[in-house]
Amino acid sequence: MSIISVENLTKKFGAVTAVDGISFEVEQGSIFGFLGPNGAGKTTTISILCTLLSPTSGMALIDGHDCMRESSEVRKQLGIVFQDNTLDKELTAYENLLFHSYLYSIPKGERGERIKDALNFVGLYERKSEPVKRFSGGMKRRLEVARSIVHQPKVLFLDEPTLGLDPQSRTNLWEFIAKLPAKHDVTIFMTTHYMEEAEICNKIAVIDKGKIIAQGSPEDLKKMVGGDVVYLRTKDNKQAIAEIKKSLGLDAEERDGEIFIASVSKGEACIPVLIQSLADMVVSVRLQRPTLNDVFLKLTGKAMRPETVSGGGEMKDAIRSYRRKFDK
């Protein structure tokens, strides 16, 4: 059963089409990844789903409610963890969640137990009385996840939830996130530029230049690459690419200073032939099984990178807009 339904969604800003007729479904209780490079249309789409923007045309439903015509009903179903930290650092962990429970009109008799459950879930109940300003980056992120689920939303939006965290904190946070659908009966709609994190998704939609260019499970998308992937660094990439195409008949191109050769059926056997063909031009060579990053490179021609500073500014504007709409 789909809890999010988007059909022919379009958003224009003057002459610029930010979202161009996209359609997708998100199954209830699943983890859905929404991936794309900077400026692809991710933020615009999410803003429409969160009732922050009106589409130019098309339809967006969450739990059967129209995101524009029934915006107040939609907002009741949502939890959101933005890129930027929005906790009140002067309040304690418990007070942050208590304030959130007031905003969502959680019945007085349920507040304490819900807050306790949420803090226990992310491993912060023992720190409930400490001011947030003493927390590490990873602890703050976990607290934001706890805050986002205390009102029991049906859909949780996670926008680059581990951006800026160290590897250990990222791993710990994803352990909690992976348990959310089963533990709290919530559907997760996430964006990330860490391709290994996207492996957790049940389904992924890749968006570029406002259009969805591929959808499927991580394994389905990897099959699009075909075979192994070979990366080469040479003294003259342009000459090497010409030689690879001429002598070996392989499709090669330069990306980020490396020669990228996809869909190699037997990578181990191909490498010696490449080295022999290019002789002393080869500086380094590596073999890689297809990953989601390879899929992303193949589809968009660019690597996934962290959002730019301007993207962070857009998120801050979205947070302010969300709060203003909620207070009405």
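Structural data are supplied above this passage.
Owing to the predicted nature of the structure, the values given are computational and were not obtained by experimental measurement.

Calculation rules
- Within any chain, residue numbers begin from 1 and follow the written order of that chain's sequence.
- For this predicted model, a pLDDT threshold of at least 70 governs which residues receive local features, and a threshold of 80 or more governs which side-chain atom pairs are given and counted, while totals over whole chains, interfaces and linings are taken from all residues.
- Calculation of side-chain values draws on the structure's entire complement of heavy atoms; hydrogens and water are dropped beforehand.
- Note: two strands are recorded as paired if DSSP finds a minimum of 2 bridges between them.
- Note on conventions: DSSP H or I runs of at least 4 residues are helices, E runs of at least 2 residues are strands, and numbering of each starts at the N terminus.
- As a rule, the C-alpha atoms of each element are fitted with a line to give its axis, helices using only the stretch in contact, and angles between N-to-C directions run from 0 to 180 degrees.
- The patches reported here contain residues having more than 30% relative accessible area and no salt bridge. Joining distances are 9 Å for like charges and 5 Å for nonpolar side chains (Val, Leu, Ile, Met, Phe, Trp, Tyr).
- Surface accessibility in these figures is a Shrake-Rupley result with a 1.4 Å probe; residues are shielded only by whichever protein chains are displayed.
- The salt bridge criterion pairs a side-chain nitrogen of Lys or Arg with a carboxyl oxygen of Asp or Glu, the two atoms within 4 Å.
- Only protein chains enter the calculation, and the probe is 1.4 Å; a residue is then buried if its accessible area is under 20% of its type maximum, exposed if over 50%, and partly exposed in between.
- Whenever two N or O atoms come within 3.5 Å, that pair is a polar contact, provided that in protein one can donate a hydrogen and the other can accept it, and provided that, for residues adjacent in sequence, both atoms are side-chain atoms.
- For our purposes a nonpolar core is just a set of buried Ala, Val, Leu, Ile, Met, Phe, Trp, Tyr and Cys residues, chained together by side-chain atoms within 4.5 Å.

*Asks:* Please give an account of the sheet that holds strand S3 (residues 31-35) that cites residues and values.
*Replies:* Strand order in the open sheet made by the 6 strands is S6-S7-S8-S3-S9-S10, with mixed pairing throughout. Across the chains shown, the open sheet's two edge strands, defined by having one partner strand only, are strand S6 (78-81) and strand S10 (211-216). In this sheet, neighbouring strand axes are inclined to one another by 15 degrees on average, regardless of whether the strands run parallel or antiparallel. By the bridge criterion, 5 bridges tie strand S7 (residues 155-159) to strand S8 (residues 187-191) in an arrangement that is parallel.

*Asks:* If you had to explain a nonpolar patch on the surface to someone new, which residues and values would you point to?
*Replies:* Residues Phe99, Tyr102 and Leu103 make up a contiguous nonpolar surface patch of roughly 300 Å² in combined accessible area. You can see tyrosine 102 is positioned in helix H3 (residues 93-103). Note on tyrosine 102: relative accessible area 44%, which makes it partly exposed.

*Asks:* So what's going on with the environment of threonine 86? Residues and values would help.
*Replies:* The residue threonine 86 is located in the loop between S6 and H3 in this model. Expressed as a C-alpha distance, the spacing of threonine 86 and lysine 140, which sit 54 residues apart in the sequence, is 9.5 Å. Among the polar contacts listed, one links the side chain of threonine 86 to the side chain of arginine 147, at a separation of 2.5 Å.

*Asks:* Requested: an account of unusual backbone geometry, with residues and values cited.
*Replies:* Positive phi is not limited to glycine here, since glutamine 152 has a value of about 55 degrees. Take glutamine 152: it is sitting in the loop between helix H5 (137-149) and S7. The exposed category is assigned to glutamine 152, whose relative accessible area is 54%. Not every positive phi belongs to a glycine, and alanine 279 is a case in point at roughly 55 degrees. Note on placement: alanine 279 falls in the loop between helix H10 (267-278) and strand S14 (282-288). With relative accessibility at 46%, the residue alanine 279 sits in the partly exposed group.

*Asks:* Lay out the nonpolar core in plain terms, naming residues and giving numbers.
*Replies:* One finds Leu143, Leu180 and Ile204 to be the most contacted residues of the largest nonpolar core, which totals 49 residues. Counting 29 residues, the second-largest nonpolar core is a separate cluster that includes Phe24, Cys67, Phe157 and Ile207.

This is a description of form; function is not addressed.
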